[in-house]
Amino acid sequence: MSNDNQTDTSTLATPESALQAGLVICYPTEAIFGLGCDPDNQAAVAKLLALKSRPVEKGLILIADNYGQCLPYVDDNKIPMDKRADIFSSWPGAITWLLPAKAQTPSWLTGGHNTIAVRVTNHPVVKQLCQRFGKPIVSTSANLTGEAPAISLSQARNQFGAQVGYYVDGELGGNSTPSVIKHAMTGEVIRG
């Protein structure tokens, strides 16, 4: 991972340090570039939502290296046994599941819903980022709401400039569309 940022990042040598500092980062995912931040930092999430002009009520996706990183946010006991095979056999991969949220999961992540959207990625750059950060990061497309998502770092930089604290260089994962979103309890496809 390299810093490909035009602003002074002398104190931000890594994307993890940018996340810890409460900044928004831009990084490659399976199909598009994403914007992310520390999911537990309400000010960072508010900054990300403002950057995208995205309403908090929509909720956000958490992307993780492994399911264990999601457990602070997911009420695992509420996932029925008959749903687990579908969920866990789809990971790592580009499927995001709406899972039961723990009562203490922040509403700035859930949008006030009783579910939390999580994905265990197989993208090597994001896996490494989550490993180094030690937890999932927020994952939303690098675009203004309603605009086409960025498919290159230069597109993202042209749109967001210095409002993004760190740009993570890397290749996209080769998927042609953003992750599918499914509701774990109903099987409903929210985004296909």
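Everything numeric in this text was worked out from a predicted model, so none of it was measured.

Caption draft 1: Representation of the overall build of the protein in the model. Regarding its fold elements, the protein presents six helices and nine strands. For a compact globule of 192 residues, the expected C-alpha radius of gyration is about 16 Å, and the protein comes in at 16 Å, within 12% of that figure. Counting all 192 residues of the protein, 52% fall into the buried class. Carbon together with sulfur atoms contributes 50% to the accessible area of the protein, which is approximately 8500 Å² in total.

Caption draft 2: Up close: the layout of surface pockets. If you add up the space inside the largest pocket, you get close to 490 Å³. Secondary-structure elements contributing two or more residues to the lining of the largest pocket are strand 2 (33–36), helix 4 (107–110), strand 5 (115–120), strand 6 (137–141) and strand 9 (189–191). Considering only residue class, the lining of the largest pocket consists of eleven nonpolar, ten polar and five charged.

Caption draft 3: Inspection of the side chain of Arg119 at higher detail. Within the element layout of this structure, Arg119 appears in strand 5. Among the polar contacts listed, one links the side chain of Arg119 to the side chain of Glu30, at a separation of 3.1 Å. Separated by 3.1 Å, the side chains of Arg119 and Ser179 make a polar contact.

Caption draft 4: Here's a closer look at the pairing of strand 2. Neither face of strand 2 is exposed, since Phe33 and Leu35 on one face and Gly34 and Gly36 on the opposite face are all buried. Sheet topology places strand 1 (residues 25–28) next to strand 2; four bridges connect them, and they run antiparallel. Bridging from a neighbouring strand, Ile25 pairs with Gly36 of strand 2. The sheet contact formed by strand 2 and strand 6 spans two bridges and is antiparallel. From the neighbouring strand, Gly34 faces strand 6, where its bridge partner is Ser141.

Calculation notes
- Residues numbered from 1 in each chain as written.
- Predicted model: local features only at pLDDT ≥ 70, side-chain atom pairs only at ≥ 80, totals over all residues.
- Heavy atoms only, no water.
- Helix = DSSP H or I, 4+ residues; strand = E, 2+ residues; numbered from the N terminus.
- Rg over C-alpha atoms; globule rule 2.2 N^0.38 Å.
- Buried < 20%, exposed > 50% of the residue type's maximum accessible area, 1.4 Å probe, protein only.
- Areas by Shrake-Rupley, 256 points an atom, 1.4 Å probe, with all protein chains shown as cover.
- 1 Å grid on protein atoms, 1.4 Å probe; cavity = no way out; pocket = protein on both sides within 12 Å on 5 of 7 lines; lining within 4 Å.
- Points joined across faces, edges and corners; volume = space filled by probe spheres on them.
- Nonpolar A, V, L, I, M, F, W, Y, C, P; charged D, E, K, R; others polar.
- Polar contact = N/O pair within 3.5 Å; in protein donor to acceptor, adjacent residues only side chain to side chain.
- Pairing = 2+ DSSP bridges.

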